[in-house]
Amino acid sequence: MYTFFIEQLADRELLRGVMQKLWSIPIINAIVIVEELDGEYVAYSYYPYREQSCGVVEPHEIGRYVNGTWDKVGGLFPDKLENLHGCPLTIATVEIKPFSMVRMQNNRTVHYGIEVYIVETLAARLNFTIRYVEPKDNSKWGILQASNSTGLVGMLQRKEADFGFGSLGFSLSRHTYLKMGIPNQMTQMIMAIPPKRPYTSLEKLFQPFTVDAWLCIALGYAVFGLVTMALVKLNRGTIRDEHLRNPLYLLWVLLMGGSGARFRLDSTRLFMIGFVLNTLVIRTLYQAGMFQKLQSSASLASDLNTLDAINKAGVYYNMFRASLQFYKDNPKVP
């Protein structure tokens, strides 16, 4: 709400010019207090959304200062946007799914989408009619600058539309040159990467377990191997009787599900039984994981999941010029 004061108003056109200036900014909730030639103070305002007088800016007297008080204190700042009396509003939009879309129906252009429904709800609530306009030359949001802006933001800057929508994002320039409304939905920027490549045969073999699991398994069986070699050195006679000439190779055969030689009923046999049971569990888990991976639809691998990977691959970033402002200050985007 704004209050302006004009001292000694001699020209009525000056008051009308002030109202026109307020409407062009636009500042709607404002009053202009004028000192008349007889010394009396009169408050004026304007109502651009009146029935049968849409967009007409004429000064209207809303109060007088009489006997040390205003005669209409409660009506100085009425809500002028509560009812727009069916006045048409020009709304700029661009087609972008699912926020704002267009289809032809009975030789008539029909707008629909998430933000279109929001605007239609506002139109029903505030009682105004909608006139949609789109940027020329098939441009979308456009580039916003101090002058000569393009696209949808250029239409708003030149006041060719009352307001606009179409998945408009936050940016410094839009905060500087335009007046932002209340966001209705917050989304993230989405980057499309080149098509994925099929997994290689070697990659498929390692898919059932994570890297940490593979490291744990490798470390565990390395310990098994060291313990086996220690037993061989400490019990050479026993190993010779059982014909275990290649103990590490025997461990590998057992790990792969093969059979071993006959073992005596002593600690060596118990050690081998423990190893066999362990490998049985690991093989079962591996086969179950492999079956699940082969049944899933994720049979493709992506090497471009991070900005560092994209830069390492040497591919280019392609985007709308309007989207460039969201990436130009990112040090990882060359």
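Given the structure is predicted, the values throughout are model-derived calculations rather than measurements.

Conventions used here
Residues numbered from 1 in each chain as written. Predicted model: local features only at pLDDT ≥ 70, side-chain atom pairs only at ≥ 80, totals over all residues. Heavy atoms only, no water. Pairing = 2+ DSSP bridges. Helix = DSSP H or I, 4+ residues; strand = E, 2+ residues; numbered from the N terminus. Expected span 1.5 Å × (residues − 1). Buried < 20%, exposed > 50% of the residue type's maximum accessible area, 1.4 Å probe, protein only. Arc of directions from axis to C-beta. Contact = heavy atoms within 4.5 Å. Disulfide = S-S within 2.5 Å. Salt bridge = Lys/Arg side-chain N within 4 Å of Asp/Glu carboxyl O. Polar contact = N/O pair within 3.5 Å; in protein donor to acceptor, adjacent residues only side chain to side chain. Axes fitted to C-alpha atoms, helices over the stretch in contact; angles between N-to-C directions. Patch = residues over 30% accessible without salt bridge, like charges linked within 9 Å, V, L, I, M, F, W, Y side chains within 5 Å. Areas by Shrake-Rupley, 256 points an atom, 1.4 Å probe, with all protein chains shown as cover. Phe/Tyr/Trp six-rings, centres within 6.5 Å; stacked < 30°, edge-to-face > 60°. Lys NZ or Arg CZ within 6 Å of the ring centre and 35° of its normal.

Draft legend 1. The pairing of strand S9 (residues 101-104), seen in detail. Note: S9 against strand S10 (residues 109-112), four bridges, orientation antiparallel. Counted as the bridge partner of Arg103 is Val110 from S10. Hairpin remark: S9 followed by S10, antiparallel, with four residues in the connecting loop; positive phi at Asn106, about 55 degrees.

Draft legend 2. Structural view of helix H2 (residues 114-126). With 13 residues, H2 extends 19 Å between its outermost C-alpha atoms, agreeing within 8% with the 18 Å of an ideal straight helix rising 1.5 Å per residue. Every buried residue of H2 is accounted for by Glu115, Val116, Val119 and Ala123. The buried residues of H2 all sit within an arc of 105 degrees when viewed along its axis, so they share a single face. Residues of H2 that are exposed and point over 90 degrees away from its buried face: Thr121, Ala124 and Arg125. Structurally, H2 contributes buried residues whose contacts are with strand S8 (87-93), S10, strand S11 (128-133) and strand S12 (163-165). Positive phi appears at Asn127, one or two residues downstream of H2, with a value of about 65 degrees.

Draft legend 3. Looking closely at the state of the cysteines. One pass over the full model with this rule turns up one disulfide. In this model, Cys54 is linked to Cys87 through a disulfide, with the two sulfur atoms separated by 2.1 Å. Its S-S torsion of about -85 degrees marks the bond between Cys54 and Cys87 as left-handed, since a negative value means left-handed. Placement of Cys54 in strand S5 (residues 53-54) and of Cys87 in strand S8 is noted, with a sequence separation of 33 residues between them. Here Cys54 falls in the partly exposed class, since its relative accessible area comes to 34%.

Draft legend 4. Focus on the pattern of salt bridges. Under the counting rule described, the total for this entry stands at five salt bridges. Among the salt bridges present, the one from Glu13 reaches Arg16, with a minimum N-O distance of 2.8 Å. Note that Glu13 and Arg16 are positioned in helix H1 (residues 12-24) at a spacing of three residues, about one turn of the helix. Using a relative accessible area of 48% as the deciding quantity, one classes Glu13 as partly exposed. The partner of Arg158 in a salt bridge is Glu160, and the shortest N-O contact between them spans 2.8 Å. Here Arg158 falls in the partly exposed class, since its relative accessible area comes to 43%. When its relative accessible area of 39% is taken as the criterion, Glu160 is described as partly exposed.

Draft legend 5. Examining the side chain of Ser100 more closely. Counting through the fold element by element, Ser100 comes out in the loop between S8 and S9. Within polar-contact distance, the side chain of Ser100 engages the backbone oxygen of Val94 at 3.2 Å. Not counting residues within four places of it along the chain, the set of residues in contact with Ser100 comprises Thr93, Val94, Glu95, Tyr112, Val116 and Phe165.

Draft legend 6. Local environment of the environment of Lys136. Mapped onto the fold, Lys136 is located in the loop between S11 and helix H3 (151-157). Each C-alpha atom, one on Lys136 and one on Leu152, is 8.9 Å from the other, the two residues being 16 residues apart in sequence.

Draft legend 7. Highlighting unusual backbone geometry. Here Ile25 and Pro26 are connected by a cis peptide whose omega angle stands at -5 degrees. Mapped onto the secondary structure, Pro26 falls in the loop between H1 and strand S2 (30-35). For His85, which is not glycine, the phi torsion reads 55 degrees and is therefore positive. In this model, Lys159 sits at a positive phi of 60 degrees, which is unusual for a non-glycine residue.

Draft legend 8. Geometry of the sheet that holds S12. Here we have three strands laid out as an open sheet, ordered S11-S8-S12, and parallel in their pairing. The open sheet has two free edges, formed respectively by S11 and S12, since each of these has just one partner strand. Ignoring which end each strand starts from, the neighbouring axes of this sheet average 35 degrees apart. Relative to S12, S8 runs parallel, the two sharing three bridges.

Draft legend 9. The arrangement of the environment of Thr187 in detail. Here Thr187 shows up in the loop between helix H4 (172-177) and strand S13 (197-198). Taking the relative accessible area as the measure of exposure, Thr187 reaches 53% and is therefore exposed. Taking the C-alpha atoms as reference, Thr187 lies 9.0 Å from Gly169; in sequence the two are 18 residues apart.

Draft legend 10. Main features of a nonpolar patch on the surface. A surface patch of nonpolar side chains, about 220 Å² in accessible area, is lined by Ile114, Ile118 and Leu122. Counting through the fold element by element, Ile114 comes out in helix H2.

Draft legend 11. Representation of the packing of aromatic side chains in the model. Here the structure, examined in full by the defined rule, presents nine aromatic pairs. Measuring from centroid to centroid gives 5.3 Å for Phe206 and Trp214, while their planes differ by 65 degrees, and the two rings are edge-to-face. Taken together, the aromatic side chains of Phe206, Phe209, Trp214 and Tyr286 make up a single cluster linked through ring pairs. The ring of Tyr46 carries the charged tip of Lys80 above its face, separated from the ring centre by 5.1 Å. Directly above the aromatic system of Tyr112 lies the positively charged group of Arg103, at a separation of 4.5 Å from the ring centroid.

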